[in-house]
Amino acid sequence: MRFISTRGGEKNISSSKAIINGIAKDGGLYVPTSFPSIFEKLKNKTSLTYEEIAFKVIKEYFTDFNDDEIKLAINEAYKDRFNVELKNNFLELYHGPTSAFKDAALLFLPHIMKLSKEKLNVDGDIVILTATSGDTGKAALEGFSNIEGFKVMVYYPMSGVSSVQEMQMVTQEGNNLRVVGIRGNFDDAQKGVKEIFGDNEFKEDLIKSKILLSSANSINIGRLIPQIVYYFYGYLQLVNKQKIKFGNKINVVVPTGNFGNILASYYAREMGLPIARFICASNENNVLSDFFNEGIYDKRRELILTESPSMDILISSNLERLLFEASGRDCNEIKRLMEELSKNGIYKVNKNIKDGLKDFYGNYATKEDVYKAISDMYNKEGYLIDTHTAVAYAALNKYISETKDETPYLIASTANPYKFPRSVTKALELDFGNIDDFDIIDKLYEYTKVSVPDNLKGLKNKNVIHKNKCEINELKKSLLDFIGVKND
Ligand SMILES: *Cc1c(COP(=O)(O)O)cnc(C)c1O
C-alpha cells in the first residue's frame, strides 16, 4: 500500500513515511492509493474481538510492517486499556483512559509511529505538535507519555475546553510532555500549529538539531486508519444482537468536528461495510450542515463556544479527504478549493463533487436540542449521554422526521457524560447549587447511579503540573522553550 497527497504534490509514499510526515509537503493530506475490501471475509466471524478486527483492518494499510509488529502494536495499544460497547444503537467509544473516543486512535498512534521511526532510521526526537479542542490533547498525552524518542507539545484554547478536560491535561504525568494554554479559541490554536508545520525553513533548522516535527491531529493517517475498526466492530455487534442480518445496510450518525470520525466510517464503506447514509451532526457551528445542504463551504462566521466543545470547529480538515474521493480523485480541483478556503474563507463545489456527496446528510443541534436529547434519553430510557452524543441523537431525530427513513442506525457515542457534568446536570434540570464541576460529578452520580470512570475520580485532587500559558502569536516561542532550541 502506498499513499498520495490529496493535492497531487506527493505520490508513492510509504506508510511509515506518511505516518511520520503527518501532512504532505504541499499542504495536502495523505490518502491510501486504494481501499481493500474486507467485509465479505467477516461473514460468520461476528465474534471476532476488537483487537482481531483491528488487525484485519490495519494490516491492509500499514504494509511496511509485518504481522507480528502490527499485532504487538495493537496489543500494547488496547489490551486492558480500551474497549467498545454497543448499548442499543449507541456505540460507546469512550471506555479508555481519557473517557473519549479519541483513545481509539491515539492509543495506537504512538506504537505505529515508533515502528515507523525505527523503519526510517529517524535520528533524534520526534516532537508531536497538537492543537486540541479538548479531547485530542489528553489522549495524545496519555498515548505518548514516557514513550522513548518522542516529545509531546499540546496547545489548548483557554476559552473553549471544559474544566474537566483542562484538569485532565494539566495534571498529566510523563517525562516527555508539555501542555500550554493559549489565550484564544481552537481555530487560533489550530492555525498557529498549521503555520509552524507550513514553515519549511523552521523545520529544516530543527532537523539540524535532530528534531523532527510531527502531528497527532486527525490529519495523520496513522490516526485515521484505526478509527475504521470500530465501525466494523459495531456493525458485527448489531448482527450479534440480532438487530440486523449480515449484509443489511445501516446508517451511521456521527457528532462531527474535524471530520475524522465520520470520514473513518466512509473509509469503512469503501472497504465494503454496508452503510447507506452518513448523518453528519454539527453543533451551532454548523458549517458542515450548511455545506451538505448547499454545496458551499463558508467558514466566514464567528466561532460559537458551545457545550460540545470538541466540535467547536469552523475548518474541518478531514473533509478534504472526502472531497478528494467525491471528485473522483481530482487533486487539481482539491488544491484549488483549499486555496480558495485559505484565501477567501469560502468555496463552492462543482456538480460532480456534489453528486459524489449524495449519501451524506448534514444537520445540527442547538443548545435546546442537546438538552432535550439528554433529558429524553435519560427520562425515557434511563440512559445517560454526553453533550456531543446528544448532538448526534438530535440530528438523527431531525433526519428521521424529515425522511421517515427506517434503516437501522449506529450512533457514535463519543464521550462519557461525566466529562461534561455541568451541561448534563442543566439538561436534566437539576440544581446542585454553586459547586465546581468535580463536585457536580459526585452529585450527578448520587442522582443517576451511573458509574464514574476511574480516570475522572479524584481528578480534582491531582497535582497541576503544567502551568504554561501563551498568546496566539507565541506558539513557536513556547515550542522552542520546551525543546530547548535557540532560534536565531
Ligand atoms: C473530537 C471529538 C468529536 C469530533 O470528532 P471529529 O473526528 O473531530 O469529527 C466529537 N465528540 C467528541 C467527544 C470528541 O472528542
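What counts and what doesn't
- Residues numbered from 1 in each chain as written.
- Predicted model: local features only at pLDDT ≥ 70, side-chain atom pairs only at ≥ 80, totals over all residues.
- Heavy atoms only, no water.
- UniProt positions renumbered as here; feature names shortened; annotations may be inferred.
- Pairing = 2+ DSSP bridges.
- Helix = DSSP H or I, 4+ residues; strand = E, 2+ residues; numbered from the N terminus.
- Axes fitted to C-alpha atoms, helices over the stretch in contact; angles between N-to-C directions.
- Expected span 1.5 Å × (residues − 1).
- Buried < 20%, exposed > 50% of the residue type's maximum accessible area, 1.4 Å probe, protein only.
- Arc of directions from axis to C-beta.
- Contact = heavy atoms within 4.5 Å.
- Near = heavy atom within 4 Å.
- Polar contact = N/O pair within 3.5 Å; in protein donor to acceptor, adjacent residues only side chain to side chain.
- Parallel < 35°, antiparallel > 145°, perpendicular 65-115°, else oblique.
- Left-handed = near helix turned anticlockwise from the far one by under 90°.
- Nonpolar A, V, L, I, M, F, W, Y, C, P; charged D, E, K, R; others polar.
- Salt bridge = Lys/Arg side-chain N within 4 Å of Asp/Glu carboxyl O.

As annotated in an unreviewed UniProt entry, the chain carries the name Threonine synthase and comes from Clostridium gallinarum. Comment text from UniProt for the chain, heading Sequence similarities (unreviewed entry), reads "Belongs to the threonine synthase family." Checking UniProt for the chain, the heading Cofactor (unreviewed entry) contains the comment "pyridoxal 5'-phosphate".

We now examine the sheet that holds strand 7 (residues 177–182). Across the sheet, five strands lie side by side as 8-5-6-7-15; this open sheet has parallel pairing. Each end of this open sheet is capped by a strand with a single partner; those strands are strand 8 (211–215) and strand 15 (468–470). Put simply, the sheet's adjacent strands are angled 25° from each other on average, direction ignored. Pairing geometry for strand 6 (residues 150–157) and strand 7, over six bridges, is parallel. From the neighbouring strand, Val152 faces strand 7, where its bridge partner is Leu177.

Turning our eyes to something else, we now look at helix 14 (residues 331–344). The end-to-end C-alpha distance of helix 14, which contains 14 residues, comes to 20 Å, matching closely the 20 Å that a straight helix rising 1.5 Å per residue would cover. Where helix 14 is concerned, the buried positions are Glu333, Ile334, Leu337, Met338 and Leu341. Along the long axis of helix 14, the arc covered by the buried residues comes to 130°, so they all point the same way. Opposite its buried face, helix 14 presents the exposed residues Asn332, Ser342 and Lys343, each directed more than 90 degrees away. Taken together, the buried residues of helix 14 touch strand 11 (296–298), helix 13 (319–326), strand 12 (346–348) and helix 15 (351–356).

Taken together, 15 residues are adjacent to the ligand, and Lys102, Asp135, Gly257, Asn258 and Asn261 come closest. Phe259 has a polar backbone atom sitting 3.0 Å from an oxygen atom of the ligand. Thr414 is positioned with one of its side-chain polar atoms (N or O) 2.9 Å from a nitrogen atom of the ligand.

The next thing to look at is helix 3 (residues 67–78). Given a rise of 1.5 Å per residue, 12 residues ought to cover 16 Å, and the 17 Å separating the end C-alpha atoms of helix 3 matches this to within 8%. Listed as buried for helix 3 are Ile70, Ala73, Ile74, Ala77 and Tyr78. For helix 3, the buried positions fall inside an angular range of 105° around the axis, keeping them on one side. The exposed residues of helix 3 that point more than 90 degrees off its buried face are Asp68 and Leu72. The secondary structure elements touched by the buried residues of helix 3 are helix 2 (50–61), helix 4 (103–106), helix 5 (109–119) and helix 10 (221–240). The N-capping residue of helix 3, defined by a side-chain oxygen 3.1 Å from the backbone nitrogen of Asp68, is Asn66.

The next point concerns the packing of helix 2 against helix 3. For any two helices packed against each other, the geometry comes down to the angle between their axes and how far apart the axes lie. At a closest axis distance of 10 Å, the pairing of helix 2 and helix 3 adopts a crossing angle of 135°. With respect to helix 3, the element helix 2 is oriented oblique. Every pair of crossing elements has a handedness; the one defined by helix 2 and helix 3 is right-handed. Taken together, the residues of helix 3 that come into contact with helix 2 (itself represented by Tyr50, Glu51, Ala54, Phe55, Ile58 and Lys59) are Asp67, Ile70, Lys71, Ile74 and Tyr78. Among the residues forming the contact of helix 2 with helix 3, the class breakdown is seven nonpolar, no polar and four charged.

Further remarks concern the pattern of salt bridges. One pass over the structure, following the stated rule, counts 31 salt bridges. Note that Lys138 is salt-bridged to Glu142, the shortest N-O span being 3.6 Å. Taken together, the residues Lys138 and Glu142, both in helix 6 (residues 135–144) and four residues apart, mark about one turn of the helix. Here the residues in one salt-bridge network are Arg81, Lys138 and Glu142, joined through shared partners.

Taken together, the six strands give an open sheet; going across it, the order is 3-4-14-9-10-13, and neighbouring strands pair in mixed fashion. Taken across any chain shown, the strands that pair with only one partner, and hence form the sheet edges, are strand 3 (83–87) and strand 13 (360–364). Taken over all neighbouring pairs, the strand axes of this sheet differ in orientation by 25° on average, direction set aside.

What follows concerns the UniProt feature "domain: Tryptophan synthase beta chain-like PALP" (unreviewed entry) in the chain. Here, UniProt's "domain: Tryptophan synthase beta chain-like PALP" (unreviewed entry) annotation points to residues 94–405. As annotated, residues 94–405 has a helix share of 49% and a strand share of 17%, and its two end C-alpha atoms lie 28 Å apart.

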